[in-house]
Structure formats: C-alpha cells, structure tokens
Amino acid sequence: MAKYLLLKHYRGAPAAVNDVPMDQWTPEEISAHVQYMNDFAARLEKTGEFVDGQALAPEGMWVRYDGEGRPPVTDGPFAETKDLIAGWMVIDVDSYERAVELAGELSAAPGAGGKPIHEWLELRPFLAAPPTITE
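Before going into details, it helps to say that this report is about the structure given with it. Everything numeric in this text was worked out from a predicted model, so none of it was measured.

### Quick word on the packing of helix H1 (residues 27-47) against helix H3 (residues 96-106)
Direction vectors running N to C along H1 and H3 enclose 155 degrees, while the axes themselves pass 11 Å from each other. As judged from the angle between their axes, H1 and H3 are roughly antiparallel. The hand of the H1/H3 crossing is right-handed. When H1 is examined against H3, the residues Tyr-36, Met-37, Phe-40, Arg-43 and Leu-44 are found in contact with a partner set consisting of Arg-98, Leu-102, Glu-105 and Leu-106. Per-class residue counts for the contact of H1 with H3 are six nonpolar, no polar and three charged.

### With respect to the sheet that holds strand E5 (residues 85-93)
Reading across from one edge, E2-E5-E1-E6 is the order of the four strands in this open sheet, with antiparallel pairing throughout. A strand with exactly one partner marks an edge of an open sheet, and here the two such strands are strand E2 (50-55) and strand E6 (122-125). When strand polarity is set aside, the average angle formed by the axes of neighbouring strands in this sheet is 15 degrees. Pairing of strand E1 (residues 2-9) with E6, which is carried by four bridges, proceeds in the antiparallel orientation. Bridging across to E6, Leu-6 finds its partner in Leu-123.

### Section: the nonpolar core
Nonpolar side chains in soluble globular proteins tend to be buried together. Core analysis: the largest hydrophobic core is formed by 16 residues, its most contacted members being Met-89, Ile-91 and Leu-106. In this structure, Leu-106 is in contact with Leu-6, Tyr-36, Met-37, Phe-40, Met-89 and Leu-121, ignoring residues within four places of it in sequence.

### Points about the packing of aromatic side chains
All told, the structure shown has one aromatic pair when counted by the stated rule. Ring geometry for Tyr-4 versus Tyr-96: centroids 6.4 Å apart, planes at 50 degrees, classification tilted. In this pair, Tyr-4 is assigned in strand E1 and Tyr-96 in helix H3, connecting sequence segments 92 residues apart.

### Quick look at the pattern of salt bridges
A full pass over the atoms with the stated rule returns six salt bridges. Between Arg-64 and Asp-66 there is a salt bridge, with its nearest N and O atoms 3.2 Å apart. Judged by its relative accessible area of 26%, Asp-66 is partly exposed. Through salt bridges with shared partners, one network takes in Glu-49, Arg-98 and Glu-101.

What counts and what doesn't
- Residues numbered from 1 in each chain as written.
- Predicted model: local features only at pLDDT ≥ 70, side-chain atom pairs only at ≥ 80, totals over all residues.
- Heavy atoms only, no water.
- Axes fitted to C-alpha atoms, helices over the stretch in contact; angles between N-to-C directions.
- Helix = DSSP H or I, 4+ residues; strand = E, 2+ residues; numbered from the N terminus.
- Parallel < 35°, antiparallel > 145°, perpendicular 65-115°, else oblique.
- Left-handed = near helix turned anticlockwise from the far one by under 90°.
- Contact = heavy atoms within 4.5 Å.
- Nonpolar A, V, L, I, M, F, W, Y, C, P; charged D, E, K, R; others polar.
- Pairing = 2+ DSSP bridges.
- Core = buried A, V, L, I, M, F, W, Y, C linked by side-chain atoms within 4.5 Å.
- Buried < 20%, exposed > 50% of the residue type's maximum accessible area, 1.4 Å probe, protein only.
- Phe/Tyr/Trp six-rings, centres within 6.5 Å; stacked < 30°, edge-to-face > 60°.
- Salt bridge = Lys/Arg side-chain N within 4 Å of Asp/Glu carboxyl O.

Structural data, given as structure tokens:
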C-alpha cells in the first residue's frame, strides 16, 4: 500500500469547471458538499483506504525559528497557505492508478447549483524513504 495526500485548494490551482467560490454557495449547497466528502471518506474507511482528512479554517500564519532565545518569526513575504489550502485527505491505496481514480471521484463533489465542481486536486505521494545522496 502507498499513501497519498489529496490537497483541496481555495486558489492557486487551475479553475474548476463549476468555478463558483464557496462563499457564494447556499447553506444547502455547502451541506451537500460536506456530506459528499463525509460519504466518500466513510466508503474508503470500509475498504481500508482512508487514513485521515480535514477541512482547514482560513485563519493561519507562517512561523519559523529565528535563533536561540528569540521568539519565532511569523508571516512573511510568501503566498499565504491559509489562502491556498482548503483541506486535505490522506489515502492508503494499492497503486498510483487507484489514487488517481479516487482523486477524480473526489473532484466530482457538488458545488453551486448541486452540480459537480470538477475541481483540480493536488495528488502527492508520501515519501517512502529518505532520498539517497550520491557523490
């Protein structure tokens, strides 16, 4: 089995087919979207392919170490992850092809008007082993 991270983006990804921002959806459309995600995860739990997943709140900041005895530095001149990443799901599947299949299915979650979003999801494999250094 191989683990993959599915990332849902607020922005920064190619435009979805049903490209209406979530803040313009009705409460019913939001509920239907969340229910689709929950049903998808529940189905994968039954097959043993679901590891974890969460929606992310829009709040957040960048933090980095700034040296011994100094407080951490926050924010910076970077794209704000809080504006980019809407949520994530980790799956554990038998093949890359299965990961692509599931990402495609998750992309069909309903959005505005109850129609599938056809959003782009970022699919990233977990690093199975540390990279080897060759000289």
